[in-house]
Each structure stands twice: as C-alpha cells, then as structure tokens.
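Listed here are the chains, written in short residue letters.
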Amino acid sequence: MTTSGPADNSAGLNPPTAVPAELFALRLYIAGMSPKCVRAIDNLKHVCEEHLAGRYSIEVIDLLVAPQLASGDEIVAVPTLVRQLPQPIRRIIGDLSDTEKVLVGLQLRPRNGTR
Amino acid sequence: MELTIPRLAAGTPHGARSIPKARTGIRGLDEVTGGGLPAGRSTLITGAAGSGKTLLGVEFLVHGALHEGEPGVLLTFEESVDDLASNVASLGIDLHQLQADGLLIIDAFRIDPAETIETGAYDLEGLFIRLAYAVESIGAKRIVLDTIEVLLGAMTDQAIIRAELIRLLRWIKDRGLTVVVTGERGVNQFSRYGIEEYVSDCVILLDHRVQEELCTRRLRVMKYRGSLHGTNEYPFLITEHGLVVLPSTSMGLDYAAPTERVSSGLERLDYLLGGGIYRGSSMLITGEAGTGKTTIAAMMLAAACARGERALFVAFEESPAQLLRDMASVGIDLGRWVDAGVLRIFAGRPIAYGLELHLATVLHIVEEFGPTVVALDAMTALSQAGDPGQVSSAMTREIDLMKDRGITTIATSLTYAGSAASPETSSVAVTSLVDSWLLLRNRETNGERNRLIFVRKARGSAHSNQVREFVLTTEGPQLLDVYVGAQGVLTGSARLAQEAADRQAATRDREVLDRRRRHLAVLTAEADARIAALRAGLEAEAAEVAYLTSAFVTREAESAAETETMSQHRWADPAGASAAVNGVGG
C-alpha cells in the first residue's frame, strides 16, 4: 500500500532542517487492522497531505503478514512510523494522534516550537 | 507415626512430586536448584551490571539447545547479536553456529529513546510478533529476555509497558515456554512495576562484591515456588568454561570410605601410619618452613605414579621447573612422571585470581586429568587470598571436592616459627577436617636443626605414637629412629655421636666380658686339675682300703680254720656250747 503525492518544491515549511525538494520516505508498521493501526494510517495520511504534499511516500507493513520484517527496523511497539529518508532515521510510535508531535518527530518543526 | 526428613543435605532436593525442571547445564546451579529452573514458568535473574546475568541466560539457552533438545530464543535489549556472540565466544560458545543450525534465534532490539517519539496509543505487538515468529520458526522451548529494564525504560508510557509486559509473560506461560528474565535493579523494583507476580516463580540473585580488594561473585536462590532449593549464598565464577557455581555446604557427607590403603612411598612412614593412608582420604602435613612438607607430598605423588596412577601437584609457591629441580636434589624424580604424562603440575598463586577461580580451575583440571592423588602445596598461600573464614571455607570445599571424587588429598600447611600459638596448629584451620595429620618439626640442638616427624592424627588407623627423625638424602627421604634418653630426644649429629658412644660402650663391655671369660676358663682348668689330683688320692686310698679289707678277711678265715682244727684236736664242745663257755670264761 503505497501513496505518493507529486513533488512540491514550494512548500518550504521548515528551511533549517528540510531542504524544500527533499523526499520523505515513510514506513508505517502495523499489526492487522486494529483500531490503533487504522487510526495511525488515517492520521499519517492526513499529516502528509497537509505538510508534505507531493514529496512523500508511505509504505505500510503489516507484521501479521510479514513478521520477518519486524526486526529490520527494530520494531517493538505497534504502530511505529519510521522515517527512512531523509537521514537520520526517526521513529514515531503510537497512533499519531498528536499532530504537533508527529511534525516534531518528522523534524518538520523544531522541537522547541511545540512548547 | 513415621517421620520423614527431607533430604536437603545432598543438595539434590528433587522428589517425585517436584515440579518439572529445565536444566541449565551450569555446574552447581542445577544442584542448588534441585535440577534446574522451573520448566514452563518464569525465572527472574537479578543483579548489578557485570554480575553475569546475560551469561547465565545464554548458557541456559545453549545448554537447552545442545543437550536438552530445547531450542531457544534470546531477546536482547542491550547488545547486538555480534557483540553478544563475540562476548561468549571466549567461553567456547558459537552463537552464530547455533543460529545457523536452527537451535537458537537471537533477536536484538535496539531501542533508542533519543530517536523515538511517542504520539498516542500503541502496544508492543511488534515484540509479540517477533517473539512468536522466532519461537515458531525453530520450535523454541526456552526464552530469555535480557534486560527487562531497558525495555521498561525506553518508553515513557509506563502503564502501557507494564500491561504489555504482563501480557507477554502470560503469553509465554500459556505456551508452556520456560522464560528467564534478567533485571538489574532487584526484586523490589519489579514489584513497583507491578510485574513481580509474573516473573517470580523463581528468583535468583547475583551479587558481585568486593571485600578487602578481593572480588567475589555470589549467587543466591531467593525464591523458588514449588521446589526445595539451597538457600545459601554460593560463590560462583565466570571461568573460561562458563559459569560455575560452587555449592559446598549443600554437599552431603556421603562419600564412600574405601578401606584400601595406599603407600606413601616410604615403608617406615607407612608403618607409622598403620599401613599407609586410606585411598580417598585427606592428609595434612604441617610444619615450619623447610621441614620437608613439599618433599613428603612429592614423594607420595611419585609413589602414586609408580603404582600406575595419575597425580596432580597444585603448587602455590613454586614454578613447576623449580619443583622438579628441588625434588630431584633429594632423589625424587618427578620429571620422569611428568614426561610419562601421569603427573601434572599446576602452578599458580591463588591471590592472583581469587579463591573461587582457583577452586574452579583445580576442579576443572581434576575432572579433565582424573588424578587419584592430589597435592596442594601449600594451602597457606590461600590465606593471602581471602579472610580466614573464606579461606577455611575454600579449603573445606577443595578437600571436599577431592573426597567426593575418591581422590587422595595431600595438603601442606606452613606453621610459623616462633608464633605465640602452639606449633601444632595449622595456619589454616582445617585440622579437624582432614583424616590424617603429619607433623613435621625442626629441632635445634648442638647448633644444628634436625627434622622430626610425627603422626598427630590418623582416622581409622592404629598409628604409631613414636617420633621419628626425618632425613633427606640424595637417595630420597628416610625415617630413622630417634634416641630417647636422659638428654631427651637426640637427632642429627647428636644421634650419630650417641650411636658412636654406644658402639664404644658395647666394645668395652665385650672386652670386659672376654677377659672374665678367659679368667673363668683358667679357674676352671685349675679346679679341674685339683679335682683330678684329689680324685687320684681318693682312688689310691680306696685301693689301699680294699687291699686291707681283703687281707683281713683272708686272715680271719685262716684263723677260723685254725681254731676249728684245734678244737677237733682237743675234743672241745660244739660251736654253740663253746660260745657259751667262751662267754662265761671270756
């Protein structure tokens, strides 16, 4: 399940950390269609559309289907969102219901900006 | 009503009703726990950093995989697979090979709080899935979680973690898997997390303490539901062969008591001991410096080798080369037996690596080499490696280890000259433990020191009460009688002088005797001559008397015949009347 939006060079929301043309490769680990996981997918799509329109890709991995993939990204908690690109790798666990925290986690917003 | 006493002494409190156990394969631990960790249940191993928790877990898994047909899964939150593998590789454990053989799966979880952000609800399904996947792919029966705090500390939502951990432990238990959870902070910490109930079927504490600059590791089984277990603190070691727990006090006094006696290699010493020492018994040799303790020990080992047995010499104070040289100088050729592979000399200072490691090392050599006689020279050196209580305990264990295996033990111990204490004590208090006790003493007289040997104690033997002089010659040690006289015990040159004096006195006495004998012979000859002369006189007299007697008789007869003739001529009365007439007339 991969969703891609068109690249949008004009976004430039966070110049210090994100080069405008940068592509966000995101991977979301879930375990079946539990309420938490469904919420996480919905929340992620929402955040991406709003802040990363056109320059993101989302890969959703269901560990119930492919358990052997869990160790690759050191998955303990579910759901876990892993930012593969840009480097460095960042992990966000939970159903992504706190948008501000998700943005901080994806480094789309400086950490002190949320306080 | 019959009373039954649970058999705890032998350290194997397993019975028919005991719960199933999963053996750890760790020497001593299975003994202390009566067969291993509770199978199908959870065990908490707790101890500070570096106390050996992870190693215990790994050994548990490896033993299960290799020897019990129980593959295992290791979930590590602390180390990477490669780190772990290289850490235990020095112990001869090849984790990579085990993984390749499908006997073990190591899943390393790297949880970095710094690169993780929590937003909203989550659970640990990822952990479950990984564990379930690992368990199912190799049919694992054993699981180790190392270390639980890392997991607990990695995430901020403690309520979720706690609930998930409990769910995990239940999940494991429902599948009948044996799980070992390691934790750093102790049991109380887990009750704070509220998970104690789920991890405490069995709780083992590992401790790592430094006392007077010497570090000792200790293990204690704090709790074991449904099973008897040893309750003491047991020293344990991390050796090149893995963990070794050394339960001594749980060892029962149930070793066999062979009646066979073995020779000490010196006939007169055997005689002193009532025919040698019993096989499998322990003998202590005490004495001041230079009294010949090591020599006697070496002699006894050489005697064992000559019988075709194997012997181990544990030297605490000398290098093997020095020992060989020194013993060769008194006629004991140990080198020959070393070359023949029946004698092994293990030299090392216990203080260099601690009492426990020393014990484990000796134990390992004993098991590998299989000697029938072991010399420990000198146990005094152990006293530098711990406080008196520890040393005594270590020696007790060391001697017990040997006895348990039917190995004859010869321990030497130094007594310090001029110490206020009685010279007949050992510097290490084990004299009550050993079966026989040889006392060597230096005696200074006439400006020289000589060695005396004495059997102070010999359990089960009618032994001599005599002191002997002990002499080291180039032909080997010898025992000699000592002179006990008005001047006391004579040894060395005093004994030689006394022997010479005795020889002179004997010569003198013999001369006097000879003189008197000669004198007697002269006297006898004289007497004989006189007797002969007297006898000759006597015989002459007797001959004279006989002659006179016969002459007299003849004359009488002649005279009677004449009288008869005359009477007939005179017509005299018959003889009777004549007599009466003669009587009246005469």
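Keep in mind the model is a prediction, meaning the values are calculated, not measured.

Rules used in this analysis
Residues numbered from 1 in each chain as written. Chains lettered and ligands numbered in written order. Predicted model: local features only at pLDDT ≥ 70, side-chain atom pairs only at ≥ 80, totals over all residues. Helix = DSSP H or I, 4+ residues; strand = E, 2+ residues; numbered from the N terminus. Buried ≥ 20, exposed ≤ 12 C-beta atoms within 10 Å, placed from the backbone. Contact = placed C-beta atoms within 7 Å. pLDDT = per-residue confidence, 0-100. Pairing = 2+ DSSP bridges. Axes fitted to C-alpha atoms, helices over the stretch in contact; angles between N-to-C directions. Expected span 1.5 Å × (residues − 1).

A. Fine view of the overall build of chain B. Summing up its helical and strand segments, chain B has 17 helices and 25 strands in all. By residue count, 42% of the 586 residues in chain B fall in the buried class. Residue pairs at least 24 apart in sequence account for 70% of intrachain contacts in chain B once pairs closer than 6 positions are excluded.

B. Layout of the overall build of chain A. Scanning chain A from terminus to terminus reveals two helices and five strands. Of the regular secondary structure in chain A, the N- to C-terminal order runs β-β-α-β-β-β-α. Relative to its full complement of 115 residues, chain A shows a buried share of 38%. Contacts in chain A between residues at least 24 apart in sequence constitute 68% of all its contacts with a sequence separation of at least 6.

C. Broad picture of the confidence of the model for chain A. Residues and elements named next belong to chain A. Model confidence for chain A is summarised by a mean pLDDT of 76, while 77% of its residues fall at 70 or above. By mean pLDDT, the top-scoring element of chain A is strand β2 (residues 24-30) (89), and the lowest-scoring one is strand β1 (residues 2-4) (46). Scored below 50 in pLDDT, residues 1-19 makes 29 contacts in the model with residues more than four places away or belonging to other chains.

D. Molecular detail of the sheet that holds strand β17 (residues 343-347) of chain B. Residue and element names in this part refer to chain B. Judged by pairing direction, the sheet is mixed, and its nine strands sit side by side in the order β17-β16-β18-β19-β15-β20-β21-β22-β23 without closing on themselves. Two strands close off the open sheet at either side, each with one partner strand: β17 and β23 (476-481). Neighbour to neighbour, the strand axes of the sheet diverge by 25 degrees on average, direction disregarded. Of the strand pairs in this sheet, strand β16 (residues 311-315) and β17 are connected by five bridges, and their pairing is parallel. Paired with Ala 311 across the strands is Leu 343, a residue of β17.

E. How the structure looks around the interface of chain B and chain A. Residue-level contacts link 21 residues of chain B with 31 residues of chain A. Contributions of two or more residues to the side of chain B that touches chain A are made by β6 (116-118) and α5 (125-138) of chain B. Ranked by residue count, the leading element in the side of chain B that touches chain A is α5 of chain B, at six residues. One ladder, built from three bridges, connects strand β5 (residues 90-93) of chain A with β6 of chain B; its direction is parallel. When the sheet's bridge partners are listed, Ile 92 of chain A is paired in β6 of chain B with Ile 117 of chain B.

F. Quick peek at unusual backbone geometry. In this model, Val 78 of chain A is joined to Pro 79 of chain A through a cis peptide bond whose omega is 0 degrees. Along the chain, the position of Pro 79 of chain A falls in the loop between β3 (56-62) and β4 (80-85). With an omega dihedral of -10 degrees, the bond running from Asp 146 of chain B to Thr 147 of chain B counts as a cis peptide bond. Positive phi, close to 60 degrees, is recorded for Leu 96 of chain A, a residue that is not glycine. On the basis of neighbour count, Leu 96 of chain A is assigned to the buried category, with 28 C-beta atoms found within 10 Å.

G. Summary view of α5 of chain B. Counted at 1.5 Å a residue, the expected span for α5 of chain B with its 14 residues is 20 Å, and the 20 Å between its end C-alpha atoms agrees. As for α5 of chain B, its buried residues are in contact with β2 and β4 of chain A together with β4 (72-76), β5 (104-108) and α7 (158-174) of chain B. Gly 139 of chain B sits one or two residues past α5 of chain B and shows a positive phi near 65 degrees.

H. Examining the environment of Thr 409 of chain B more closely. Residue and element names in this part refer to chain B. Position of Thr 409 relative to the elements: it lies in strand β19 (residues 408-414). Given 25 C-beta atoms within a 10 Å radius, Thr 409 is considered buried. Sequence separation between Thr 409 and Met 283 is 126 residues; the distance between their C-alpha atoms is 6.1 Å. Residues in contact with Thr 409, not counting those within four places in the same chain, are Ser 282, Met 283, Val 374, Leu 376, Ile 399 and Met 402.

I. View of the confidence of the model for chain B. Residue and element names in this part refer to chain B. Counting all residues, the mean pLDDT for chain B is 80, and 85% of those residues have values of 70 or more. With pLDDT under 50 throughout, residues 1-16 is counted as low confidence; its partners more than four residues away or in other chains account for 22 contacts. For this predicted complex, the interface score ipTM comes out at 0.76, while the overall pTM is 0.62.

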